[in-house]
Amino acid sequence: MKRVMVVAGGPLQVFLVQKTKEMGCFVLNTSLENDSPGFQYADLYSATDVLDIDKQLSIAVDFKPDAIVTDQSDLSVPTVAYLCERLGLIGIGVKKADLFTNKHSMREFCSGNNVPYPDYCVCISIEDAVQFLDKHGKIIIKPLDSQASKGVQTILTPYDLLLHFENTKQFSRTRKAVLAEEFIEGTEFTVDGIKTFDKHISLAVSQKAHYKSYSNVASSLLFSHTSGEYDYNLLRGQNDSLVEKMGLPFGLTHAEYIERNGVFYLVEIAARGGGAQISSKIVPFMSGVQNTELLIRMALGERIYASDVSIYQSYNNKKCILEFFVFNPGVVKEIKKTALDSCKDVLDYTLNIKPGEVIGVPSDDTKRPGYYIAGATSIRELNTIRNTIMKGVVVEYV
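The text that follows walks through the structure, step by step, so that each part is easy to find. The model shown is predicted, which means the values in this text are computed figures rather than measured ones.

Cut-offs applied
- Residues numbered from 1 in each chain as written.
- Predicted model: local features only at pLDDT ≥ 70, side-chain atom pairs only at ≥ 80, totals over all residues.
- Heavy atoms only, no water.
- Helix = DSSP H or I, 4+ residues; strand = E, 2+ residues; numbered from the N terminus.
- Rg over C-alpha atoms; globule rule 2.2 N^0.38 Å.
- Buried < 20%, exposed > 50% of the residue type's maximum accessible area, 1.4 Å probe, protein only.
- Contact = heavy atoms within 4.5 Å.
- Areas by Shrake-Rupley, 256 points an atom, 1.4 Å probe, with all protein chains shown as cover.
- Lys, Arg positive; Asp, Glu negative; His and termini not counted.
- Charge placed at Lys NZ, Arg CZ, Asp CG, Glu CD.
- 1 Å grid on protein atoms, 1.4 Å probe; cavity = no way out; pocket = protein on both sides within 12 Å on 5 of 7 lines; lining within 4 Å.
- Points joined across faces, edges and corners; volume = space filled by probe spheres on them.
- Nonpolar A, V, L, I, M, F, W, Y, C, P; charged D, E, K, R; others polar.
- Axes fitted to C-alpha atoms, helices over the stretch in contact; angles between N-to-C directions.
- Parallel < 35°, antiparallel > 145°, perpendicular 65-115°, else oblique.
- Left-handed = near helix turned anticlockwise from the far one by under 90°.

## A look at the overall build of the protein
- Helix and strand counts for the protein come out as 12 helices and 19 strands.
- The C-alpha radius of gyration of the protein comes to 21 Å, within 12% of the 21 Å expected for a compact globule of 398 residues.
- Each principal axis of the C-alpha distribution contributes one length, and for the protein these read about 60 × 50 × 45 Å.
- Taking all 398 residues of the protein together, the buried fraction comes to 54%.
- When contacts within the protein are restricted to residue pairs at least 6 apart in sequence, long-range pairs at least 24 apart make up 66% of them.
- Of the roughly 17,400 Å² of accessible surface on the protein, a fraction of 49% belongs to carbon and sulfur atoms.
- Seen as two clouds, the 42 positive and the 47 negative side-chain charges of the protein have centres 3 Å apart.

## Quick notes on helix 1 (residues 14-22)
- Regarding helix 1, the residues found buried are Val14, Leu16, Val17, Lys19 and Thr20.
- Those residues of helix 1 that are buried are in contact with strand 1 (3-7), strand 2 (26-31), strand 4 (67-69) and helix 10 (291-299).
- At the exit of helix 1 stands Gly24, carrying a positive phi of roughly 85°.

## Describing empty space enclosed by the protein
- Scanning the model with the defined rule gives two cavities of 30 Å³ or more in all.
- Residue lining of the largest cavity: 18 residues in total, with Thr70, Val80, Ile92, Ala271 and Leu295 positioned closest to the centre.
- Every element with two or more residues in the lining of the largest cavity is listed here: strand 4, helix 3 (76-87), strand 12 (251-260) and helix 10.
- At four residues, helix 3 tops the list of elements feeding residues into the lining of the largest cavity.
- A breakdown of the residues in the lining of the largest cavity according to their chemical character gives 13 nonpolar, three polar and two charged.
- By volume, the second largest cavity is sized at about 40 Å³.

## Structural notes on the packing of helix 2 (residues 53-63) against helix 3
- Taken N-terminus to C-terminus, the directions of helix 2 and helix 3 make an angle of 45°; their axes are 10 Å apart at the nearest point. Between helix 2 and helix 3, the interaxial angle falls into the category oblique. In this structure, helix 2 crosses over helix 3, and the sense of that crossing is right-handed. Residues Ile53, Asp54, Gln56, Leu57, Ala60 and Val61 of helix 2 pack against Thr79, Tyr82, Leu83, Arg86 and Leu87 of helix 3.
- Among the residues making up the contact of helix 2 with helix 3, the classes are represented as seven nonpolar, two polar and two charged.

## So, the environment of Thr366
- With respect to the helices, strands and loops of the structure, Thr366 is situated in the loop between strand 17 (358-359) and strand 18 (370-376).
- Separated by 149 residues in the primary sequence, Thr366 and Val217 have C-alpha atoms spaced 9.7 Å apart.

## Structural notes on the layout of surface pockets
- In this structure, the second largest pocket occupies an estimated 230 Å³ of space.
- Considering the residues around the second largest pocket, the lining is formed by 14 residues, among which Pro78, Thr79, Thr101, Arg173 and Thr174 are closest to the centre.
- Those elements that provide at least two residues to the lining of the second largest pocket are helix 3 and helix 4 (94-101).
- If one sorts the elements of the lining of the second largest pocket by residue count, helix 4 sits on top with four residues.

Given below as C-alpha cells:
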C-alpha cells in the first residue's frame, strides 16, 4: 500500500484526500485546524500549519511517504516542493514553486520570455507606488505571494494608496513589499490544465464576471470550449506554451488572463488546480479527464503522457457555471436552499453563512457567501438552471 501525505485539509482539499484513499493509498493529512474537513477521510492526520515547514518535515520524515501532494492551495505549493526535495520524492522543486507562487517572479519571467504582461513595479514604500500611479493613472496593487485575492485593490488616487497600501503589504509573506501593476481594461479568463511528462494540456476555459461592489472579486465563471467573441484556441495555445517554457515538471495548473485588443495578458499562473472545486468538479465535467487521479499517479512516479490525456469529442458541447451568491447585507435568520438540493444539474455547492451570522461586502474571495456549480449542454439550458437557483435560494433576515 502506497503512503501519501496530503498537505492542507480544508474543504477544497477533501476531494484530493478522498481520491487518494479511493486509489488504495494510506493517507496522512496535515492542516492547521483541529477540525479540518480532510481529517475525517484520512488514515492519519496532524493539526499543523502548512507554512510551518520544519514541523511538516518532521512529520513527513516519521511518516515515510511515497508521495506528497496538495491542490487548490497556493500556500501549500512551496511547502510540498520543499518536503519533496528534502525527502527525495517526485516534486516540482523549490525554485519552480517560487516561480508559480511569487507574482514578481512570474513578471520577471514574462519580461524575459515574450509573454504579454501588464507593466509592473515592486514597491517597498507608498512613495514608490505613488510614482507608479502617476505613470499610469490607474493601477492594481496586490501582495507578492498570497491567495484568494487578499489585499488586491484598484487604485485611482494617492489617497487610495494611503488607505490600502500597508494592508496589502501585510499579506506578502516572503518579502514585505507590494506589486503594483498597470490597470488593463478588458475581459478576464481562467484556464485550467495539466502538465504531463511531455506536454501541457489546457482542459477548461472560463470567462469571468465580477461583483459590482468589489470589482477585484469574481462573481461567476462561465466555462465553455468555444466563444463567438474570443479566440479560445489562441488562449489555450498560449497557456500551454507558457507552462512548458516555465519548466513545470508535472501537475495541475490554473492561470488567469485579461484580454485587450485580441491580446491575452497574463495576470497570474499557479502550479495547482483552480479553487472553489474547479479542478475537482469542473475540469472532469468539461473534459472527461480525471485530473486529480492523474496528479496522484504522477506524484507516485507514473509517467503520464499527453497522449494519455485528451478531451473527448463528446465533451465539446459542455457548459458549466461556477456562480457565487449575491445576498443583501444583514443578519441571517434562515436560508432556504431547496433549489440546490433538488436540481440534478448542480454538481456542487457551498453556503458559507449560517443563521445569526452577518452578510457583508465580499472584500476578498474568502468573504463570498457561497457558490454553486451547475453543468449543461447549452447556454440556454444553463441559463434556465441559473434562474431557478437564483430565485430558489433565499435568505431571510433578522
